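The lines below spell out each chain.
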Amino acid sequence: MKRRQLINYAALGTASAAALSACGPTSTPTADSSDLPTVHWRMATSWPQSLDTIYGGALTVCDRVSKMTNGRFTIDPFAAGEIVPGLQVLDAVQAGTVECGHTASYYYVGKNPALAFGTAVPFGLNAQQQNAWFYYGGGLEIMHKLYSDFGVINFPAGNTGTQMGGWFKQNIQSLSDLNGLKMRIPGLGGEVMNRLGVNVQVLPGGEIFLALDRGAIDAAEWVGPYDDEKLGLQEAAEFYYYPGWWEPGPTLETQVNLDAWNKLPKEYQEVYKTAAYEANISMLAKYDALNGPALKRLVDGGTQLIPYSDEILKAAQDESFAFFEEKASGDAAFKEVYEQWKTFREGVYNWNRVNELSFSRFVNQ
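First, a word on what this report is: a plain description of the structure on this page. The structure displayed is predicted, hence computed values, not measured ones. (Residues numbered from 1 in each chain as written. Predicted model: local features only at pLDDT ≥ 70, side-chain atom pairs only at ≥ 80, totals over all residues. Heavy atoms only, no water.)

Before going further, it helps to spend a moment on the sheet that holds strand β5 (residues 100-103). Here we have 5 strands laid out as an open sheet, ordered β4-β3-β5-β12-β6, and mixed in their pairing. Unpaired on one side and paired on the other, β4 (73-78) and β6 (152-159) mark the two borders of the sheet. Going from strand to strand, the sheet's axes swing by 25° on average, the running direction of each strand aside. Packed on one face of the sheet, helix α4 (residues 127-136) meets β6 and β12 (251-257) and runs near 155° to β6. (Pairing = 2+ DSSP bridges. Helix = DSSP H or I, 4+ residues; strand = E, 2+ residues; numbered from the N terminus. Axes fitted to C-alpha atoms, helices over the stretch in contact; angles between N-to-C directions. Contact = heavy atoms within 4.5 Å.)

Here it is, written out as structure tokens:
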């Protein structure tokens, strides 16, 4: 009996199959041969189960792996705090406490600031551009090199689309209004906010509401209308800002212990990569469908929707690239990722100015 059978995977469609060629097979493998082993893994996540869309990315990976191997390769997902706290997933995967995790790379910039590029950096790539960088622009290869230092391999497994700019208890219109503000914001966005005078806090999603409601923090960003509404952030703060300039296209990822990965049969590796790809594409589509109605509910309920001032955006952009250059000048790993990413960003921005931006400008005027 052949060890691999290839079947057409209608759910991804022709476009998805083409994209899969960059990270795996061009059609979805099934692994139903009797000589393939039974494998059982555990997946730690950074998310509470109540956030069905972002936690759903982990569920998609686990569900699809099981179905595509006819139950021979199964993964049990665990919400934040069930095995390790939400911000310690990489530690658990690296140590082998769990075989894999579902998280955001920018939670771990304290280990290596360049890890932020695996999720999002301020004034960086939107979701479509981020996927182009990962799958066809060398981004996944350079992130794999970075993660090899941790004994981990990563795969994109979700994207929220451009995020909102956070909830504030007071109206923020000038740079001086940010000075001394206590705000929950992770990643390099937090580094930039710190340079603008913000007292940055990093909290997992399940702890944001209480901290904001009780005044331990003055502001918080999470994802967007659908998830923010689920956390009840509109009950803790009145002012909702946009855009989330620090996360124009944040990728969530699955991290896999490299020793565990190398022990998998090649068939199972291909199945896992395909499942992660499906999670990456389907999460973005779901958020795009859910966020619009959720934003309308929030505004109808009294939320004040406010754009960041040009003063704040300009200062944030200047500080972002000043920070990037400073880190690149003193950190070889950061410089390698940043320069490769910056070259890709320039090219894709130039193209999107011609096609998408011109179209959007006209239809939204």
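Now that the structure is up, let's keep going.
A separate point is the pattern of salt bridges. Summed over the entire model, instances satisfying the criterion amount to 14 salt bridges. The salt bridge involving Glu319 is made with Arg195; its shortest N-O contact spans 2.9 Å. Here the residue Glu319 occupies a position in helix α12 (residues 310-330), and Arg195 occupies one in helix α7 (residues 187-195), the gap between them amounting to 124 residues. Notably, a salt bridge pairs Lys273 with Glu270, separated by 3.1 Å at the nearest N-O pair. Of the two residues, Lys273 and Glu270 both sit in helix α11 (residues 266-300), 3 residues apart, roughly one turn of that helix. Glu270 shares its class with Lys273; the two are buried. The network of salt bridges with shared partners includes Asp52, Lys230 and Lys286. (Salt bridge = Lys/Arg side-chain N within 4 Å of Asp/Glu carboxyl O. Buried < 20%, exposed > 50% of the residue type's maximum accessible area, 1.4 Å probe, protein only.)

A word on the environment of Pro265. Its location among the elements puts Pro265 in the loop between α10 (258-263) and α11. As for Pro265 and Val84, which are separated by 181 residues in sequence, their C-alpha atoms are 28 Å apart.

For the rest of this paragraph, the subject is the pairing of β5. Here is the key point about a regular strand: its side chains alternate between the two faces of the sheet. Neither face of β5 is open: one carries Cys100 and His102, the other Gly101 and Thr103, and all of them are buried. Examined bridge by bridge, strand β3 (residues 39-45) and β5 share 3 bridges and lie parallel to one another. For Thr45, the partnering residue across the bridge sits in β5 and is His102. One ladder, built from 4 bridges, connects β5 with β12; its direction is antiparallel. Paired with Cys100 across the bridge in β12 is Val256.

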